[in-house]
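Summary of the model geometry
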Amino acid sequence: MSDYTPKPEHKFTFGLWTVGNVGRDPFGAPVRDAKSPADLVRLLGEVGAWGVNFHDNDLIPIDATPSERDAILKEFKKALAETGLCVPMTTTNLFSDPIFKDGAFTSNDPKVRAYALQKTMNAIDLGVELGAKVYVFWGGREGTETDAAKDPLTAIKRTREAMNFLCEYVLDKKYDLKFALEAKPNEPRGDIYNSTTGHMLAFIETLDHPEMVGVNPEVAHEHMAGLNFVHGVAQALEAGKLFHIDLNDQAFGRYDQDFRFGAVNLKSAFFLVKLLEDNKYDGSRHFDAHAYRTEDYEGVKDFARGCMRTYLILKEKAEQWNADKEIQAVVAEINADDGSMNQYFGKYSAEKAAALKAQSFDRTKIASRGLKYERLDQLTIEVLLGVR
Ligand code: DIG
Ligand code: MN
Ligand code: MN
């Protein structure tokens, strides 16, 4: 049995809003008393997290006086110093206050759009002050219930204008900060713009400073859209745009459940951890999830420990899969290549095209080959079940 104790090198992080979630839901009141940001940092220190993230208003209430702000910050920094936790990522709450009821950057009201920029600049300053290197944008209210309300082209243009402005702000302030855009298909809006990680990757390329902007894919959000999360993360990774990641779990076809990592679909979680670890992803392993509403704070700690422990167990399973001789023999057989087609791949040339057009193929013989995926998947399941 290996050691599944979280260590700083694992870069496990949680948001204040995750372990601080008091269990309020659309159908019920809070079930847990609220803890201060400083106490939440101590809770995360106790369970072995490396870092803590926050929305501006998770830390500083939107109507806090300057002296209240200073007192909260002082306590928060004291708890960080006591526990050794860092602040790798911060973000802006552009979704809770009623002013954002029709979005922030995409609102039809220019005062709201301007206020959202102001709030974000102040929140960026706060994040940088506390050491954040990644800044997440989740446009929870950037959407609509009726397309009569807003031309989607206008929404895209307004989002781009805001992102370009804020990239220029970071450049102007010479902050060492990069942006990570987080997609979600719906909830709390009927439909949310830039609804998947794929949409975000395309949108980023239309910005003035695309090199500053990547994505923050979340398991639950891609699952809500019925997508394979591992494929979305692979596309971001391959494009050099995986700047952050929100780990949790989610049953397909449900509201945003934000379950403990690995709590629903272990196979998907396994292939995700394998992808991240095989490719030496060096960002935070951020758990944007929360404990069941049934739990007290001991249960919240169980939730946090479970996220990290499952990640480490799956990391070990991925190493086992990579070292398993029978699995690797099947992988080698699947990828067998006599090199005879190499002459046709790579950069195009007219000679290659002519030769390929003249190449004959025995379709029946090629199609008759069995690919052993059933065997390979069963071996994978048996690694996960711990019988190999
Ligand atoms: C929800 O999935 C969003 C917000 O919690 C936050 O803005 C972002 C940061 O991880 N995830
Ligand atoms: Mn979510
Ligand atoms: Mn998230």
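Here we summarise the structure given alongside this text. Computed from a prediction, not measured in an experiment: that's the story for all the values here.

Now for the coordination of the manganese ion (ligand 3). Reference values for angles at a metal are 109.5 degrees in the four-donor tetrahedral case and 90 or 180 degrees in the six-donor octahedral case. Within the protein, the manganese ion (ligand 3) binds to Glu 182 (OE), Glu 218 (OE), Asp 246 (OD) and Asp 288 (OD); these donor distances fall in the range 2.0 to 2.2 Å. Here the manganese ion (ligand 3) binds 6 donor atoms, and the angle range of 74 to 173° at the metal identifies the geometry as octahedral. We note that the donor set of the manganese ion (ligand 3) lies within a single chain, spaced as E-x35-E-x27-D-x41-D. Between the manganese ion (ligand 3) and the manganese ion (ligand 2), a separation of 4.5 Å is found, and both are coordinated by Glu 218. On the criterion of sequence distance, the pair formed by Glu 182 in strand S6 (residues 178–182) and Asp 288 in the loop between strand S10 (285–287) and helix H11 (297–323) is long-range, its members being 106 residues apart. The pair formed by Glu 182 and Asp 288 is uniform in burial state, with each residue classed as buried.

In terms of residue burial, S6 counts as a mostly covered element, since 4 of its 5 residues are buried. As judged from the 5 bridges shared by strand S4 (residues 134–138) and S6, these two strands associate in the parallel manner. When the bridges of S6 are listed, Trp 138 appears paired with Glu 182. Direction of pairing for S6 relative to strand S8 (residues 213–215): parallel, over a ladder of 3 bridges. Looking at the pairing, Leu 181 lines up with Val 215 of S8.

Moving on to the packing of helix H2 (residues 37–47) against H11. Interhelical geometry of H2 versus H11 gives an angle of 50° and a closest axis separation of 10 Å. Classified by the angle between their axes, H2 and H11 sit oblique to one another. Viewed along their axes, H2 and H11 form a crossing whose handedness is right-handed. Between H2 and H11, the residues in contact are Leu 43, Glu 46 and Val 47 and Tyr 297, Lys 301, Ala 304, Arg 305 and Met 308, respectively. Here the contact of H2 with H11 is composed, by residue class, of 5 nonpolar, no polar and 3 charged.

Each value, and the rule that gives it
- Note that residues are indexed from 1 along each chain, following the sequence as it is written.
- Going through the entries in the order they are written, you letter the chains from A and number the ligands from 1.
- Residue-level local features of this predicted model are given only where pLDDT is at least 70; pairs of side-chain atoms are given and counted only at 80 or more, and the full residue set underlies all totals for whole chains, interfaces and linings.
- Hydrogens and water molecules were not included; the side-chain quantities draw on all heavy atoms of the structure.
- Metal donors: N, O and S atoms at distances within 2.8 Å, or within 3.2 Å for Na, K and Ca, with water omitted from the atom set so that some sites may seem incomplete.
- Between 85 and 135 degrees for all angles marks four donors as tetrahedral; over 155 degrees for opposite donors together with 65 to 115 for all other angles marks four donors as square planar and six as octahedral; every other arrangement is irregular.
- Note on conventions: DSSP H or I runs of at least 4 residues are helices, E runs of at least 2 residues are strands, and numbering of each starts at the N terminus.
- Only protein chains enter the accessibility calculation, which uses a 1.4 Å probe; a residue whose area is less than 20% of its type maximum is buried, one above 50% is exposed, and one in between is partly exposed.
- By this definition, two strands are paired if DSSP reports at least two bridges between them.
- What counts as an axis is a line fitted to C-alpha atoms, over the stretch in contact for a helix, and the angles between N-to-C directions run from 0 to 180 degrees.
- In these notes the angle categories are as follows: under 35 degrees is roughly parallel, over 145 is roughly antiparallel, 65 to 115 is roughly perpendicular, and the rest is oblique.
- Definitions for this section: a left-handed crossing has its near helix turned counterclockwise from the far helix by less than a right angle. A right-handed crossing has that turn clockwise.
- The contact definition used throughout considers only heavy atoms, calling two residues in contact when any of these lie within 4.5 Å.
- Any residue that is not Ala, Val, Leu, Ile, Met, Phe, Trp, Tyr, Cys, Pro, Asp, Glu, Lys or Arg is counted as polar, Gly included; the first ten are nonpolar and the last four charged.

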